[in-house]
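# Structure at a glance
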Amino acid sequence: MALPFASVPKRIAVIGAGVIGLSTALYLNTELRLDGIPCSIEVFAEHRPPLTTSDGAAGLWEPIFIDGTPVDQQMSWGRETYQWLRYLRVQKDAGEMGVTQYSGYNLFHQPVEDPPWKDVVTGFRHATDDELKEVQAPVRHGWYFVNMSCQGNRYCSWLLKRCKEQGITFHEQKINSLSELAGRCDVVVNCSGIGAHKLVGDNDIVPIKGQAMKVAAPWIKHFTVVMGADYVSYILPCTDFVVLGGTVDSGRWDTDIEPEVSRKILENACKINRSIENAPVFGECSGLRPYRKTGVRLERALVLLDSSQRPLEVVHNYGHGGSGITFHWGCARYAASLTRKALGLPDSCGHDDDLLYKTMSVPLVSSSSKL
């Protein structure tokens, strides 16, 4: 049921157009529309799909590089996102989104404790001795489970399309200071990812560089991740290709593709599955995961720009490490709740994923009419 509010639209600026920024903008717009609250949402970003870090993600659901975030928050955001992806995988545009479900393995050189998310995924169990022997790498322990996957470039393009169709405006503009948005909006939602290091002076943000390869290997139907003492190696099937990785280079700000790293990635992948040796390579990518030492920053803040301006309401939603896709929908929902508080609005009437999806699937404008 729509809530009775004045017809003056609430002005919201979202910084960032990766999976966090796009999903937050779309969720906010859809929820406010369902509650009968007029709003105007503008997204400001130097890059948007297909040029964001999120576009390079294989998109396998799993919390990684997120150790500073309390486990209960990880489970809340992660579970909501997992259920959202499970819902999307059976919708008519699941192929366009690159959302699907795979089974596979996480393998380890030494026994480890079960993850806190084992009850979120489907069919979690320990790998058998016979399964461990199938891998050439010296693994001694593992987990088997059914997981969700969301190919980054397809999903981000789908989010961008949906945002445009809902009338959300995009500006290809890098925001260097929050003061640039003063007077242009009622609240800023900061989804700047690695850019928060400079934008808000957050020294807890540290890049974790990742390099990966894309190969044509349609016979690969299961994911495999091997966690070594000082490396991670993975084979992740996606809708259009199979992703091989990876690297964990903390503190590196460059995104250079290094041939020697690619050679090592392929070598490690062949230890997992020898058939990869014959797979044609048709792409390589690298990106900076926005790791935050103190965990995801998802909170409301009142920012004093200078003495001549009134404080700016800001909702921060950044620092997701390697878990942007894993947490995006749960974080979008929570960011929307914080944004409503910043705007002086009551809590949402409450809408399930089915209603949200059906509402955002009805275009209000042509997707090409908004820049």
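Rules used in this analysis
Residues numbered from 1 in each chain as written. Predicted model: local features only at pLDDT ≥ 70, side-chain atom pairs only at ≥ 80, totals over all residues. Heavy atoms only, no water. Helix = DSSP H or I, 4+ residues; strand = E, 2+ residues; numbered from the N terminus. Rg over C-alpha atoms; globule rule 2.2 N^0.38 Å. Buried < 20%, exposed > 50% of the residue type's maximum accessible area, 1.4 Å probe, protein only. Contact = heavy atoms within 4.5 Å. Salt bridge = Lys/Arg side-chain N within 4 Å of Asp/Glu carboxyl O. 1 Å grid on protein atoms, 1.4 Å probe; cavity = no way out; pocket = protein on both sides within 12 Å on 5 of 7 lines; lining within 4 Å. Points joined across faces, edges and corners; volume = space filled by probe spheres on them. Nonpolar A, V, L, I, M, F, W, Y, C, P; charged D, E, K, R; others polar. Pairing = 2+ DSSP bridges. Expected span 1.5 Å × (residues − 1). Axes fitted to C-alpha atoms, helices over the stretch in contact; angles between N-to-C directions. Phe/Tyr/Trp six-rings, centres within 6.5 Å; stacked < 30°, edge-to-face > 60°.

A few words on the overall build of the protein. Assigned secondary structure in the protein consists of nine helices and 15 strands. Its C-alpha atoms give the protein a radius of gyration of 21 Å, near enough to 21 Å, the size a compact globule of 371 residues would have. Each principal axis of the C-alpha atoms in the protein carries an extent, and together these give about 65 × 40 × 40 Å. Looking at the protein residue by residue over its 371 residues, the buried ones come to 54%. Within the protein, counting contacts between residues at least 6 apart in sequence, those at least 24 apart form 79% of the total.

Before going further, it helps to examine the pattern of salt bridges. Counted under the stated rule, the structure contains 25 salt bridges. Across the pair K161 and E96 runs a salt bridge, and its minimum N-O distance is 3.3 Å. A residue pair is termed long-range when its members are at least 10 positions apart, and K161 in helix 5 (residues 152-165) and E96 in helix 3 (residues 94-97) qualify at 65 residues. Given the relative accessible area of 30%, K161 is considered partly exposed. For E96, a relative accessible area of 33% corresponds to the partly exposed category. Here R333 ties to D353 by a salt bridge, and the two come within 3.4 Å at their closest N and O atoms. With R333 in helix 8 (residues 324-342) and D353 in helix 9 (residues 353-360), this residue pair connects regions lying 20 residues apart in the sequence.

Further remarks concern the layout of surface pockets. Approximately 250 Å³ is the volume found for the second largest pocket. In terms of lining residues, the second largest pocket is bounded by Y105, E131, E134, V135, W219, I220, K221, H222, T224, I235, I272 and N273. Split into classes, the residues belonging to the lining of the second largest pocket amount to six nonpolar, three polar and three charged.

Once that is clear, we can look at the pairing of strand 7 (residues 187-190). For a regular strand, side-chain orientation follows a simple rule: the groups alternate between the two sheet faces. Alternating positions in strand 7 separate into two faces, V187 and V189 on one and V188 and N190 on the other, with burial throughout. As defined by bridge partners, strand 1 (residues 10-15) adjoins strand 7 across four bridges and the pair is classed as parallel. Looking at the pairing, I12 lines up with V187 of strand 7. Two strands pair when backbone bridges link them, and strand 7 and strand 15 (residues 312-318) are joined in this way by three bridges, in the parallel orientation. Each residue of the ladder has a partner; that of N190, found in strand 15, is H316.

Turning next to helix 8. With 19 residues, helix 8 ought to run about 27 Å at 1.5 Å a step, yet its terminal C-alpha atoms sit only 24 Å apart, falling short of that. Among the 19 residues that make up helix 8, 15 are buried, leaving the element largely enclosed by the rest of the structure.

For the rest of this paragraph, the subject is helix 2 (residues 71-88). For helix 2, spanning 18 residues, the distance from its first C-alpha to its last is 25 Å, which sits close to the expected 26 Å at 1.5 Å a residue. Burial in helix 2 covers these residues: Q74, M75, W77, G78, T81, Y82, W84, L85, Y87 and L88.

Okay, empty space enclosed by the protein next. Per the counting criterion, the structure on display carries one cavity of 30 Å³ or more. Roughly 40 Å³ of volume is contained in the largest cavity. Around the largest cavity sit A17, V43, A45, H47, R48, F170, H171 and E172, which together line it. Counting residues per element, the ones that place at least two in the lining of the largest cavity are strand 2 (39-45) and strand 6 (169-172).

Turning our attention to the sheet that holds strand 6. Neighbouring strands of a sheet are bound in pairs by backbone hydrogen bonds; such pairs are parallel or else antiparallel. Ordered in space as 6-2-1-7-15-14, the six strands form an open sheet in which the pairing is mixed. At either margin of the open sheet sits one strand with a lone partner, and together these are strand 6 and strand 14 (297-303). Across the sheet, the mean angle from the axis of one strand to that of its neighbour is 20°, orientation sign disregarded.

Evaluated as defined, the whole model comprises 17 aromatic pairs. Judged by centre distance (6.5 Å) and plane angle (90°), the ring pair of W117 and F124 falls under edge-to-face. Clustering of aromatic rings is evident, with ring pairs tying together W61, Y82, F108, W117, F124, W143, F145 and F223.

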